[in-house]
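# Structure assessment
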Amino acid sequence: MSKQIYIELKNDLSEINRLSTKLNDFAEANNLSPKILFALNLSLEEVITNVISYGFEDDKEHQILVHINSIEGEISVEIEDDGKPFNPLQVDEPDLTIPLEERPIGGLGIHLIRNYMDDLEYKRDGYRNILKMKKKSNTN
Amino acid sequence: MPLKVTSTEKEPGVFMIVPEGSLDTNTYSILEKRVDMILEGQPRVIALDMAYINYISSMGVRVVIKTRKALKQHDGNLVVLNLQPQVRKVFEIINALPSEQVFASTEELDKYLDRMQKKMTGN
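Now for the overall build of chain B. Tallying secondary structure elements over chain B gives four helices and six strands in all. Taken from N to C terminus, the helices and strands of chain B fall in the order β-β-α-β-β-α-β-α-β-α. Along the first, second and third principal axes, the C-alpha set of chain B runs to 45 × 30 × 20 Å. Taken across its 123 residues, chain B has 51% of its residues classed as buried. Carbon together with sulfur atoms contributes 50% to the accessible area of chain B, which is approximately 6,000 Å² in total.

The helix and strand inventory of chain A stands at three helices and five strands. Its helices and strands taken in sequence order, chain A reads β-α-α-β-β-α-β-β from the N to the C terminus. Since a compact globule built from 140 residues should have a radius of gyration of about 14 Å, the 15 Å found for chain A is in line with a globular shape. Considering only C-alpha atoms, chain A reaches an extent of 45 × 40 × 25 Å along its principal axes. For chain A, the proportion of contacts with a sequence separation of at least 24, taken over those separated by at least 6, is 64%. Summed over its atoms, the accessible surface of chain A is roughly 7,500 Å², and 46% of this surface lies on carbon and sulfur atoms. Across chain A, 16 positive and 26 negative side-chain charges occur, with their mean positions spaced 4 Å apart.

This paragraph deals with the interface of chain B and chain A. The figure often quoted for interface size is the accessible area lost as the parts come together. Contact with chain B, which involves 21 residues of that partner, is made by 22 residues of chain A. Around 2,100 Å² of area is buried between chain B and chain A when both sides are counted, 59% of it from carbon and sulfur atoms. A per-residue breakdown of the area chain B buries against chain A is headed by N26, Y55 and I93 of chain B, which together make up 27% of the total. Seen at the junction of chain B and chain A, the total is zero salt bridges.

Before going further, it helps to examine the environment of E20 of chain B. If you trace the backbone, E20 of chain B turns up in strand β2 (residues 14-23). The spacing of E20 of chain B and V5 of chain B is 15 residues in sequence and 6.2 Å in space, taken between C-alpha atoms.

What follows is about the pattern of salt bridges. Under the criterion given, the structure shown has eight salt bridges over all chains. Between R128 of chain A and E80 of chain A there is a salt bridge, with the nearest N and O atoms lying 2.6 Å from each other. Here E80 of chain A lies in strand β3 (residues 74-81) and R128 of chain A lies in strand β5 (residues 128-136), a separation of 48 residues in the sequence. Here R128 of chain A falls in the buried class, since its relative accessible area comes to 16%. One salt bridge connects E32 of chain B with K66 of chain B, and the closest N-O pair in it is separated by 2.6 Å. Taken together, the positions of E32 of chain B in helix α1 (residues 28-39) and K66 of chain B in helix α2 (residues 58-72) put the pair 34 residues apart, joining distant regions of the chain.

Calculation notes
Residues numbered from 1 in each chain as written. Chains lettered and ligands numbered in written order. Predicted model: local features only at pLDDT ≥ 70, side-chain atom pairs only at ≥ 80, totals over all residues. Heavy atoms only, no water. Helix = DSSP H or I, 4+ residues; strand = E, 2+ residues; numbered from the N terminus. Buried < 20%, exposed > 50% of the residue type's maximum accessible area, 1.4 Å probe, protein only. Areas by Shrake-Rupley, 256 points an atom, 1.4 Å probe, with all protein chains shown as cover. Rg over C-alpha atoms; globule rule 2.2 N^0.38 Å. Contact = heavy atoms within 4.5 Å. Lys, Arg positive; Asp, Glu negative; His and termini not counted. Charge placed at Lys NZ, Arg CZ, Asp CG, Glu CD. Buried area = accessible area lost by both parts, 1.4 Å probe. Salt bridge = Lys/Arg side-chain N within 4 Å of Asp/Glu carboxyl O.

Function cannot be read off these values alone, since they describe shape.
This is the structure we're talking about:
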């Protein structure tokens, strides 16, 4: 498999399974460690679940484009959707010092992504959200 | 990846739940349904054996947090055991589990249950 893959997903949560399978193949072809694969799987699932669950205000079918590239010890992931404008990087960090029982349940996904990825960038381009995530793959 | 869930009543009011596979957006509801069924009987303890969970996302963590909250409402406890390192890390990042409720082995769980039993019977 090449050093990069493009995946087109429909706005259906079951598509995450297909994405995960593709990601496993990509990791194998690029000799990525289980830790890196876990980080990629988790971050992509969190983003895509969010886009599919909250991004679209109609019942139509939408496409979410995922581009994953491995260059010089770094994996870059780009996720593009035509949902409503949403910048996940503006979501407040959850207050983890509040006891679990009283803590609001939102914001956990983006908190995980921030921990697992090395770099995040968001832009709104016309009617599309574009989220770029980077992960160093030569660490372990 | 699919999720399989088995559960047993270890002793009266103490349930062991063993999910196996991936606990994610597409599978969390399988565990949630089993937990809800068990919660109806107002158990004292639910022990979640995570030995065979190799992947978890925030949706999976939410089920665990929800279970803990539901048990607390009637003074029940959730304990989690045998977390694989990569799964433990997810819980740690979210600060989702107090350390006294995480056990490294089934033996630790048994000791905990013994202590609880003694507390209840006053021995």
